[in-house]
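# Coordinates in review
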Amino acid sequence: MANPEMLKKIIAHAKEYGFIFQSSEIYDGLSAVYDYGQNGVELKNNIKKYWWDSMVKLNENIVGIDTAIFMHPKIWTASGHVGAFSDPLIDNKDSKKRYRADVLIEDHREKIQLKINKDVDKAQKRFGDEFDKEEFLKTNKRVLDRQAKIDSITERFQNALNNDDLDDLKQLIVDEGIICPVSGSKNWTDVRQFNLMFDTKLGSVSEDADKIYLRPETAQGIFVNYLNVQKTGRMKLPFGIAQIGKAFRNEIVARQFIFRMREFEQMEMQFFIRPGEQEKWFEHWKNLRISWHKALNLGSEGYRFHDHDKLAHYATAATDIEFDFPMGFKELEGIHSRGDFDLSQHQEFSGKKLQYFDPELNKSYVPFVIETSIGLDRMFLAILSSSFKDEKIEKADGKTESRIVLKIHPALAPVKAAVLPLVKKDGLPEKAREILKELQYEFNCQYEEKDSIGKRYRRHDAIGTPFCITVDHQSLEDNTVTIRDRDTMQQERININEVKNIISEKTNMKNLFEKIENR
Ligand code: GAP
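Since we're looking at a predicted model, the values are computed, not measured.

So, about the overall build of the protein. A count of helical and extended segments in the protein gives 18 helices and 23 strands. Computed over C-alpha atoms, the radius of gyration of the protein comes to 26 Å, within 12% of the 24 Å expected from 2.2 N^0.38 for 519 residues, which places it in the range of a compact globule. Dimensions of the protein, computed from the C-alpha atoms along their principal axes, are close to 75 × 65 × 55 Å. At a minimum sequence separation of 6, the contacts of the protein that also span at least 24 residues come to 66%. Carbon and sulfur atoms provide 48% of the accessible area of the protein, an area that totals close to 25,900 Å². If the 79 positive side-chain charges of the protein are averaged to one point and the 84 negative ones to another, these points end up 2 Å apart.

Structure follows, in structure tokens:
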């Protein structure tokens, strides 16, 4: 459920602990562009590894590539992005703020849904164990009226989007009395289409230069290399090509931290299949992707599928995996049935055959494609926001204190272990560094000797370090250390020889991979 206060806390925490900084901050920042700090980049790399290995390493028939951001400009005409990659925008004449018309309507619809949820909560409290939610949703007059309202908005909204009826999109905003969140007025301009691609010039002499685009999705780099990979990898259908890389979109409404950025990273996989098998593979990838998410334990209530109100120009079926972000349920990943749209277009525009000879059917055809596409930065936000916990702890003397802890899955945690000498003397730092040196070959570890041990524990809780290894005077005598678990805060005395195995067992990505069902 939407929690704007939580989002503010997370943004502040991400900055304070070196996860995310506003880009160009000392020059007052650049809107909707962010930099990842020393802990952020580690978490990001671990997410990439979880995605990449689950696609490329664990599937015999999926390979990875890394294509250039700049591509031949004709590609974006063929792919339909020059003509159709746009968002409907609307301005409020009083606040001069610009919005996406579709987002205004979606948010309005979500508000009505939240009212229904509140009605349910209230009734649940009133009736206690007797409460039958399904029956309530089917019979309560107020809920039924609100649901009917949502349905009628959805129907009109989908028609307007699918028919590119920008006038009716505006009329829907007017009829629903949607107000500008800044000025509070209903003084709207007409709705216009706005292309989201950034362009620049290739070459050093501007008169001779060619306009080229910064790719708005990584997928096209895969499509134009389809034949290269299929031939050199001797790939047989069905097979997939995966890629992680930057994408750029001149978003009209770029708010909500790293949720909607102008420069971001995508993790995309195009799965090439026989025409006619798209429904089977669409279901297959829907199940596999939701299982990949759920393996992370971010809360199984936090996901839902949402079929698109309007299909993108390339898609014949599309669904989003939505996640319950601090801004409410929003798109985290898209799964799209792209048919043969992209390869056929590139075949036509390039004049090169992009077909597959199917030995079983003894014929050539353009393969169909199922795409899975997830924003790395959105995945980062999903993990950060769901693992951020503000906990109250009972102390031995009966008093309480609070701690902020990031309960990130140990396999994704930026730092796996902190090695801490209890004091900065008596040979403890030397012993601690000895342990650190050994652990560094396998894990990202940190050494810290400044401040009290309690403060150091808190600092590592705040960045999600699963283990703190403390070296004390006893360590010099019997080769033991204490190991503290981030989540339980329990400390155990163990032999130094056991440290590596304990960290390895808990932080191994295999723990995640094994939980992915139907692999
Ligand atoms: N190749 C298909 C494609 O690009 P999309 O739904 O436009 O589909 C896929 O984008 C994913 O990329 C989204 O689900 C989202 O996670 C991420 N994404 C899209 N625009 C973004 C933005 N401006 N900032 C951050 N992530 C974004």
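This part takes up a positive patch on the surface. A contiguous patch of positive charge, built from Lys111, Lys115, Lys118, Lys122 and Arg126, is present on the exposed surface. Relative to the elements of secondary structure, Arg126 occurs in helix α5 (residues 101–127).

Let us look at the site of the ligand. Around the ligand lies a shell of 22 residues, among which Glu217, Glu251, Met261, Glu268 and Glu331 are the nearest. Within the contact set of the ligand, a nitrogen atom lies 2.5 Å away from a side-chain nitrogen or oxygen of Glu268. Here the ligand has 560 Å² of accessible area as a free molecule, and 94% of this is covered by the chains. Mapped onto the shell around the ligand, the elements with two or more residues apiece are β10 (263–273), β13 (328–339) and β16 (368–375). Per-class residue counts for the shell around the ligand are 7 nonpolar, 5 polar and 10 charged.

As summarised here, the arrangement of the 3 strands in space is β5-β4-β6, forming an open sheet in which the pairing is antiparallel. Lying at the two open borders of the sheet, with one neighbouring strand each, are β5 (98–100) and β6 (192–195). The sheet shows a mean angle of 45° between the axes of neighbouring strands, direction not considered. Where strand β4 (residues 86–91) and β5 come together, 3 bridges link them in antiparallel fashion. Across the sheet, the residue bridging to Asp91 is Arg98, located in β5. Packed on one face of the sheet, α5 meets β4 and β5 and runs near 70° to β5. Running at roughly 45° to β4, helix α8 (residues 166–175) makes contact with β4 and β6 of the sheet.

So, on to the sheet that holds β16. Paired through backbone hydrogen bonds, the strands of a sheet run either parallel or antiparallel to each other. Read across the open sheet, the 7 strands follow the order β3-β9-β10-β16-β13-β12-β11; overall the sheet is mixed. Two strands in the sheet have a free side with no partner beyond their single neighbour: β3 (62–65) and β11 (303–307). Taking each pair of neighbouring strands and ignoring which way they run, the sheet shows an average axis angle of 25°. Relative to strand β9 (residues 239–248), β3 runs parallel, the two sharing 4 bridges. Bridging from a neighbouring strand, Ile62 pairs with Gly240 of β9. Of the strands in this sheet, β3, β9, β10 and β16 are in contact with helix α2 (residues 38–57), which crosses β9 at around 155°.

So, about the side chain of Thr482. One can find Thr482 in strand β22 (residues 480–485). Contacts of Thr482, omitting those with residues within four sequence positions, involve Tyr457, Cys468, Ile469, Thr470, Gln491, Glu492 and Arg493.

Next up on the list: helix α1 (residues 4–16). End to end, α1 covers 19 Å across 13 residues, agreeing with the expected 18 Å (1.5 Å per residue, within 8%). Along α1, the residues that are buried comprise Leu7, Ile10, His13 and Ala14. Down the axis of α1, the buried side of the element spans an arc of 130°, and every buried residue falls inside it. For α1, the exposed residues set more than 90 degrees away from the buried face come down to Pro4, Glu5, Lys8 and Glu16. Those residues of α1 that are buried are in contact with β1 (20–22), α13 (376–387), β17 (388–394), β18 (400–406) and α15 (453–463). With its phi angle positive at about 70°, Gly18 sits one or two positions after the end of α1.

Our next topic: the environment of Asn508. Within the fold, Asn508 resides in the loop between α17 (496–507) and α18 (510–513). Classification of Asn508 as partly exposed rests on a relative accessible area of 35%. Each C-alpha atom, one on Asn508 and one on Asp151, is 46 Å from the other, the two residues being 357 residues apart in sequence. Reaching out from Asn508, the side chain makes a polar contact with the backbone nitrogen of Lys510 at a distance of 3.0 Å.

Here we come to unusual backbone geometry. Of note, the bond from Leu237 into Pro238 is cis; its omega dihedral lies within 30 degrees of zero at -5°. Relative to the assigned elements, Pro238 resides in the loop between α10 (226–232) and β9. In this structure, Arg234 is a non-glycine residue whose phi angle is positive, near 45°. With respect to the secondary-structure elements, Arg234 resides in the loop between α10 and β9. Under the relative-accessibility criterion, Arg234 is labelled exposed at 71%. Positive phi is not limited to glycine here, since Asn297 has a value of about 60°. Checked against the element boundaries, Asn297 lands in the loop between α11 (278–294) and β11. Taking relative accessible area as the criterion, Asn297 reaches 60% and is therefore assigned exposed.

The rules we used
Residues numbered from 1 in each chain as written. Predicted model: local features only at pLDDT ≥ 70, side-chain atom pairs only at ≥ 80, totals over all residues. Heavy atoms only, no water. Helix = DSSP H or I, 4+ residues; strand = E, 2+ residues; numbered from the N terminus. Rg over C-alpha atoms; globule rule 2.2 N^0.38 Å. Contact = heavy atoms within 4.5 Å. Areas by Shrake-Rupley, 256 points an atom, 1.4 Å probe, with all protein chains shown as cover. Lys, Arg positive; Asp, Glu negative; His and termini not counted. Charge placed at Lys NZ, Arg CZ, Asp CG, Glu CD. Patch = residues over 30% accessible without salt bridge, like charges linked within 9 Å, V, L, I, M, F, W, Y side chains within 5 Å. Salt bridge = Lys/Arg side-chain N within 4 Å of Asp/Glu carboxyl O. Near = heavy atom within 4 Å. Polar contact = N/O pair within 3.5 Å; in protein donor to acceptor, adjacent residues only side chain to side chain. Nonpolar A, V, L, I, M, F, W, Y, C, P; charged D, E, K, R; others polar. Pairing = 2+ DSSP bridges. Axes fitted to C-alpha atoms, helices over the stretch in contact; angles between N-to-C directions. Expected span 1.5 Å × (residues − 1). Buried < 20%, exposed > 50% of the residue type's maximum accessible area, 1.4 Å probe, protein only. Arc of directions from axis to C-beta.

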